[in-house]
Each structure stands twice: as structure tokens, then as C-alpha cells.
Amino acid sequence: MPTNVREREAAMAVEISVNQLPDAAPLAVSWDEVASIFEAVLAHEQVERLCLVDVTVADDDAMADLNAQWRGVEGSTDVISVECERPDDPDLAPDEPCSLGDIALAPAFIAAQAPHFNNSPAQETRLLLIHGLLHLLGYDHMTDEDAAVMEPLEDALLAQVSGQPAISAPTTRHRHDPQVAAGAEPQGSPSQEGRVSP
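Residues numbered from 1 in each chain as written. Predicted model: local features only at pLDDT ≥ 70, side-chain atom pairs only at ≥ 80, totals over all residues. Heavy atoms only, no water.

## Thoughts on the pairing of strand 4 (residues 79-83)
Here strand 4 lies mainly inside the structure; 4 of its 5 residues are buried. Alignment of strand 4 against strand 5 (residues 98-105), held across 5 bridges, turns out to be antiparallel. Within strand 5, the residue paired with Ser-81 across the bridge is Ile-103. (Buried < 20%, exposed > 50% of the residue type's maximum accessible area, 1.4 Å probe, protein only. Helix = DSSP H or I, 4+ residues; strand = E, 2+ residues; numbered from the N terminus. Pairing = 2+ DSSP bridges.)

## Some points on helix 1 (residues 31-44)
Under the 1.5 Å per step criterion, the end-to-end length of helix 1 is 20 Å for 14 residues, consistent within 8% with the ideal 20 Å. One or two positions beyond helix 1, positive phi appears at Gln-46, with a value near 55 degrees. (Expected span 1.5 Å × (residues − 1).)

## Considering the confidence of the model for the protein chain
Atomic detail in the predicted coordinates should be set aside for any region of low pLDDT. Per-residue confidence for the protein chain averages 82 on the pLDDT scale, and 77% of its residues sit at or above 70. The least confident element of the protein chain, judged by mean pLDDT, is strand 1 (residues 4-7) at 37; the most confident is strand 3 (residues 51-57) at 97. Here residues 1-11 is a poorly scored stretch, pLDDT under 50, and it has 28 contacts once near neighbours within four places are set aside; other chains count. Low confidence marks residues 172-198, where pLDDT is under 50. Its contacts with residues over four positions away, or in another chain, come to 80 contacts. (pLDDT = per-residue confidence, 0-100. Contact = heavy atoms within 4.5 Å.)

## Focus on the pairing of strand 2 (residues 14-20)
In terms of strand pairing, strand 2 meets strand 3 through 7 bridges, oriented parallel. Its bridge partner being in strand 3, Val-18 is matched across the sheet by Val-55. Each parallel crossover has a hand, and for strand 2 linked through helix 1 to strand 3 it is left-handed. (Right-handed = clockwise from strand over helix to strand, strands pointing away.)

## Topic: the pattern of salt bridges
In this structure the tally under the stated criterion is 2 salt bridges. The shortest N-O distance in the salt bridge between Arg-126 and Glu-33 comes to 2.3 Å. With Arg-126 in helix 4 (residues 121-136) and Glu-33 in helix 1, this pair connects stretches of sequence that are 93 residues apart. Taking the relative accessible area as the measure of exposure, Arg-126 reaches 13% and is therefore buried. For the salt bridge of Arg-86 with Glu-83, the shortest nitrogen-to-oxygen distance reads 2.7 Å. (Salt bridge = Lys/Arg side-chain N within 4 Å of Asp/Glu carboxyl O.)

## Re the nonpolar core
In summary, soluble globular proteins display a tendency toward joint burial of nonpolar side chains. Ranked by size, the top nonpolar core spans 37 residues in total, and within it Phe-38, Val-53, Leu-100, Leu-105 and Leu-133 carry the most contacts. The set of elements that each furnish at least two residues to this core consists of strand 2, helix 1, strand 3, strand 5, helix 4 and helix 5 (144-162). Ranked by the residues each element gives to this core, the list is headed by helix 4, at 8 residues. When neighbours within four sequence positions are excluded, Leu-105 is seen to be in contact with Leu-27, Val-55, Thr-56, Val-57, Ala-58, Met-63, Asp-78, Val-79, Ile-110, Leu-128 and Leu-129. (Core = buried A, V, L, I, M, F, W, Y, C linked by side-chain atoms within 4.5 Å.)

## Focus on the packing of helix 4 against helix 5
To characterise two packed helices, one gives the angle between the axes of the helices and the distance between these axes. Look at helix 4 against helix 5: their axes get within 10 Å of each other, and the N-to-C directions meet at 130 degrees. Compared by their axis directions, helix 4 and helix 5 come out oblique. Judged by the twist between their axes, the crossing of helix 4 over helix 5 is right-handed. Contacts between helix 4 and helix 5 pair Gln-123, Arg-126, Leu-127, Ile-130, His-131, Leu-134 and His-135 from the former with Met-150, Leu-153, Glu-154, Leu-157, Leu-158, Val-161 and Ser-162 from the latter. (Axes fitted to C-alpha atoms, helices over the stretch in contact; angles between N-to-C directions. Parallel < 35°, antiparallel > 145°, perpendicular 65-115°, else oblique. Left-handed = near helix turned anticlockwise from the far one by under 90°.)

Here it is in C-alpha cells:
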């Protein structure tokens, strides 16, 4: 059950439903900043309809459960995105909101990995929020070609929302996951991030 619902009136409106799990650390950025980040991504992608995004803030155990359930991968990770609808879905009425999907974040995991990428926990959180929302909008990075589109876009959006130059570090193609290493596609429908140090 969401603990907070936040709606912002803007040209690119986004409504965020927040589910902060009891044992989860807080995000390293404010919810106002989360909304601003989402609005910047939606504006860049020229999305003109209200978008609904569910954000779950989880501890490592809960994130490990989600990772196993959706991807068949053991262990926690930083972010998992589960797509629902796309803003350009022809089945949506012109004034109907779009339920983009769910983004789950593990703040403790993010804070622990941030130094490996020369990032602060806040900057790493910003990157993963952008990354998760881009997945909900249909971007992916499982192939080198897709990554060549998504990763520079993440860097540019991160620089825009943070006012700091992005530290370019490639996100994982999930080569460390057992099913990807064996040549199989990840299980389940969501996209998942889980960056690894170069």
C-alpha cells in the first residue's frame, strides 16, 4: 500500500505513488527531486500525457526477493523496472493517464556501490532514477547497439538534472547474471539494472 502519493502540476505531469518498505533506508534525494528528475526525462522524451509511476524503496532482502521473482537471479541489486504501459499506446484515450510501471530501488545497495563509480549516493540515485524511467519508456541496454543509445542519454540527462558533469561508466549488460552468461535472455518482464564495476 503506498505511503505517499505525490502529484505535480506541470506541462509534463507525473504522479508518483511511493511505497517505502519498513526496513528500507531512505533515498539519498528528496521526493521533490525525484519528481523533477522524472519530469525532465518525460520532457526530453516529449511525453505530453500524465504519467503514473509506482516507486518502491526496498531493503536488500526485499530487493533480492524481487530480483529472484522477476529475473531468476539471486541476490540484491540497485534498481528494477517493471514496465506497464507506454505513453504512445494507441489503446489509451488522448486524455487518459499512462501507468508507466514500477521502479524498485534499494538505497543501501546504491550507497554501497556508489564509491565504485566515483559517485555520491545522491548522484548514483539520480542516475538510477533516470535509468529506471528510461526502461519504462522502452529503452534498453542488453545489446551494444541499444547501450550506445541509452547510456549517453543517461549521462546527458544526469548532467541536466544535477548540474554536474556526468561520470560516464557503462551500465551492465547483465553479463554477470548466470542466464545471460549462458546465452539466455533474462527471465520475467522487467528491465533491471545492477551495475558492476569495470
